[in-house]
Amino acid sequence: MNVINNIRQLRSWSTINKGARCVFVPTMGALHDGHAALIRAAREIAGPSGNVAVSIFVNPLQFGPGEDFTKYPRTLIEDLSLCRDNGADMIFAPKAEDLYPPDRSIVLHETSLSQLHCGASRPGHFEGVCAIVAKLFNLVQCDDAVFGKKDYQQFAIIRRLVRDLDFNVVLHGIETVREPDGLAMSSRNRYLTPEERLEAPSLRTALLAARDAWKNGARDPDVLRRLITQMIQEKAPSSRIDYVAVADAHTLESVSATTELVVIAIAVFFGTTRLIDNIELK
Ligand code: PAF
């Protein structure tokens, strides 16, 4: 496995590996079993003759003022062994000063999907995500890229990025990996206090209850929203709900007559830790 931390080395790696299919997994490190599943999926897509590239970079641009950029866990040594164990061929772990010139003046502002839900709560977040993903796609020169569907809105926005800017990259969305009690795996779960950790699976419990209600015919978004809100408030009294969105899975806007697939996406604070989860209603 090659570990590369500058752009010059990355470019020569890309040149040497030009003929091989490259499947890319962008991450911010602090890797867990959810990332391992992404890397294994990438390995499968790449096949024996392809390459799996993983980036590890805590992107300062996607953190707002007062968010957890400085305390975000940095665990490079453990991350590298997880990557190796799951079949990665190349790790790109650059420094921020190598990626972002101090007088950087181009921004990528998605004007529709990113205004809602997490984008409304975290202004500038998706601009930062689009900036880094576009740069990494250009640098890594991948054929495919793998993202987790836990970040449902991020995946929808990256689909737009690829479509609207004609990146020649096939995107793959991978199902969320969960703890045995249903909590979606996240690098931020480690911030939870023991009490908060006990309450956190309520996000999943509430989403499953909403899906049951939906299967039994409940179609009114307000009814589904109320059910989720009440259940989280009851099972996680120390939490604060940021949003509960019942949305069209493609536009992320309100469900309409043309909606083919409905997603419920939620964000909930436990203290300063913000957890997200979602469920597709099929
Ligand atoms: O999903 C993440 O970990 C990050 O938002 C990403 C896509 C690696 C960009 O920094």
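What comes next concerns the included structure. (Residues numbered from 1 in each chain as written. Predicted model: local features only at pLDDT ≥ 70, side-chain atom pairs only at ≥ 80, totals over all residues. Heavy atoms only, no water.)

A few points about the site of the ligand
Here is step 1 of the chain: Surveying the vicinity of the ligand reveals the residues Pro-26, Thr-27, Met-28, Asn-59, Gln-62, Ile-132, Phe-147 and Gln-154.
Here is step 2 of the chain: Between an oxygen atom of the ligand and a side-chain N or O atom of Gln-62, the distance comes to 2.6 Å.
Here is step 3 of the chain: In the environment of the ligand, an oxygen atom lies 2.7 Å from a nitrogen or oxygen atom belonging to the side chain of Gln-154.
Here is step 4 of the chain: Taken by itself the ligand offers 290 Å² of open surface, and the protein chains cover 88% of this.
Here is step 5 of the chain: Residues of the shell around the ligand, tallied by class, amount to four nonpolar, four polar and no charged. (Near = heavy atom within 4 Å. Polar contact = N/O pair within 3.5 Å; in protein donor to acceptor, adjacent residues only side chain to side chain. Areas by Shrake-Rupley, 256 points an atom, 1.4 Å probe, with all protein chains shown as cover. Nonpolar A, V, L, I, M, F, W, Y, C, P; charged D, E, K, R; others polar.)

Digging into the sheet that holds strand E4 (residues 90-92)
The strands that make up a sheet are held in pairs by hydrogen bonds between backbone atoms, and each pair lies either parallel or antiparallel.
Here is step 1 of the chain: Sheet architecture is open: six strands sit in the order E1-E4-E3-E2-E5-E6, paired in parallel fashion. Either end of the sheet is taken by a strand with one partner, and the two such strands are strand E1 (2-4) and strand E6 (170-174). Going from strand to strand, the sheet's axes swing by 25° on average, the running direction of each strand aside.
Here is step 2 of the chain: Relative to strand E3 (residues 51-56), strand E2 (residues 22-27) runs parallel, the two being bridged by six bridges. Bridge pairing in E3 links Pro-26 to Ser-55.
Here is step 3 of the chain: Its contacts with the sheet put helix H2 (residues 33-46) on E2, E3, strand E5 (144-148) and E6, and the angle it makes with E2 is roughly 170°. (Pairing = 2+ DSSP bridges. Helix = DSSP H or I, 4+ residues; strand = E, 2+ residues; numbered from the N terminus. Axes fitted to C-alpha atoms, helices over the stretch in contact; angles between N-to-C directions. Contact = heavy atoms within 4.5 Å.)

Some details on the packing of aromatic side chains
Here is step 1 of the chain: Going through the model one piece at a time under the given rule, you end up with seven aromatic pairs.
Here is step 2 of the chain: Taking the centre distance of 6.3 Å and the plane angle of 50° together, the rings of Phe-57 and Tyr-100 count as tilted. With Phe-57 in the loop between E3 and helix H3 (76-85) and Tyr-100 in the loop between helix H4 (96-99) and helix H5 (117-121), this pair connects stretches of sequence that are 43 residues apart. Side by side, Phe-57 and Tyr-100 carry an identical accessibility label, which is buried.
Here is step 3 of the chain: A centroid spacing of 6.2 Å and a plane angle of 45° characterise the contact between Phe-147 and Phe-155, whose relative ring orientation is tilted.
Here is step 4 of the chain: On the basis of relative accessibility, which here comes to 5%, the residue Phe-147 falls in the buried class.
Here is step 5 of the chain: One Lys or Arg, Arg-74, reaches over the ring of Phe-69 and ends 4.9 Å from the middle of that ring. (Phe/Tyr/Trp six-rings, centres within 6.5 Å; stacked < 30°, edge-to-face > 60°. Buried < 20%, exposed > 50% of the residue type's maximum accessible area, 1.4 Å probe, protein only. Lys NZ or Arg CZ within 6 Å of the ring centre and 35° of its normal.)

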